[in-house]
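This is what each chain is made of:
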Amino acid sequence: YLYDDYGKPLPPEAVRQVEARIVTRETFDSATRTTHEADARPLTPANGYLEARVDPLTLPAQFAAKVKFRKDGPEYRFDFSFAEFTREPTAQR
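The structure contained in this document is the topic of the report that follows. (Residues numbered from 1 in each chain as written. Predicted model: local features only at pLDDT ≥ 70, side-chain atom pairs only at ≥ 80, totals over all residues. Heavy atoms only, no water.)

### Some thoughts on the nonpolar core
We apply this condition: Buried residues of nine kinds, namely Ala, Val, Leu, Ile, Met, Phe, Trp, Tyr and Cys, make up a nonpolar core once their side-chain atoms join them within 4.5 Å. Note on exposure labels: buried denotes an accessible area under 20% of the residue type's maximum, exposed denotes more than 50%, and partly exposed covers the range between, all computed with a 1.4 Å probe on protein chains only. By definition, any uninterrupted DSSP run of H or I lasting at least four residues is a helix, any uninterrupted run of E lasting at least two residues is a strand, and each is numbered from the N terminus.
In this structure, L2, L10, A14, V15, V18, A20, I22, L43, F63, A65 and V67 together form the largest nonpolar core, which totals 11 residues. Sorting the residues of this core by element identifies α1 (12–15), β1 (19–29) and β4 (61–68) as the ones contributing at least two each. Tallying contributions element by element places β4 first for this core, with three residues.

### A word on the sheet that holds strand β5 (residues 75–82)
Going by this rule: Pairing between strands is defined by DSSP: at least two bridges between them are needed. Whenever a helix is involved, its axis is fitted only over the stretch in contact; in every case the axis is a line through C-alpha atoms, and angles between N-to-C directions fall within 0 to 180 degrees.
The five strands lie next to each other as β3-β2-β1-β4-β5, forming an open sheet whose pairing is antiparallel. Of all strands in the sheet, those bounded by a partner on one side alone are β3 (49–51) and β5. The sheet shows a mean angle of 35° between the axes of neighbouring strands, direction not considered.

### Notes on a nonpolar patch on the surface
Just so we agree on the cut-off: Exposure above 30% relative accessible area and the absence of a salt bridge qualify a residue for a patch, where like charges join within 9 Å and nonpolar side chains (Val, Leu, Ile, Met, Phe, Trp, Tyr) within 5 Å. Note that accessible areas follow from Shrake-Rupley with a 1.4 Å probe, and for residues the cover is restricted to the protein chains shown. We define a salt bridge as a side-chain nitrogen of Lys or Arg found within 4 Å of a carboxyl oxygen belonging to Asp or Glu.
A cluster of nonpolar side chains, namely L59, Y76, F78, F80, F82 and F85, defines an oily patch on the protein surface of about 550 Å² accessible area. Mapped onto the elements, L59 comes out in the loop between β3 and β4.

### Looking at unusual backbone geometry
Between L59 and the following residue, P60, the backbone shows a cis peptide bond with an omega angle of 0°. Despite not being glycine, R33 shows a phi value in the positive range, around 55°.

### Observations regarding the packing of aromatic side chains
To be explicit about the condition: Any two rings among Phe, Tyr and Trp, with Trp reduced to its six-membered ring, count as a pair given centres within 6.5 Å; such a pair is stacked if its planes are under 30 degrees apart, edge-to-face if over 60, and tilted if neither.
Following the criterion strictly, the structure yields four aromatic pairs and no others. Consider the rings of F63 and F82, whose centres lie 5.6 Å apart with planes at 15°: the pair is stacked. Here F63 is found in strand β4, whereas its partner F82 is found in strand β5, with 19 residues between them in sequence. Ring geometry for F69 versus F78: centroids 6.5 Å apart, planes at 85°, classification edge-to-face. On the basis of relative accessible area, F78 is assigned to the partly exposed category, the value being 33%. Joined through ring pairs, the aromatic side chains of F63, F80 and F82 make up one cluster.

### Considerations on the pattern of salt bridges
A pair can form between side chains of opposite charge whenever their charged atoms are brought close. Scanning the model with the defined rule gives 10 salt bridges in all. R41 is the salt-bridge partner of D55, the closest N and O atoms lying 2.9 Å from each other. Here the residue D55 occupies a position in the loop between β3 and β4, and R41 occupies one in strand β2 (residues 34–46), the gap between them amounting to 14 residues. Accessibility expressed as a relative area gives 23% for R41, which makes it partly exposed. D72 serves as the salt-bridge partner of R70, at 3.6 Å between the closest nitrogen and oxygen. Classification of R70 by relative accessible area gives partly exposed; the value is 47%.

Structure below.
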């Protein structure tokens, strides 16, 4: 889900302004000190959160989400690492 600086969910009109992508592979050129995105996919709003289709990943998986919350705003980077696949909780009786 997308939250503001105070941990509150963004309203739908704010979510529509978000521009984001997920970067699953990147390389760093030490000579130019620049990072090149080898594989990046758009993140699109879906019911208050962002989703993207990515190629199958091997675990552990690391990727970055690069997000602009406003069209004229700065881009933020969020790094993620997964040691294993997440599982949906099961209902207990």
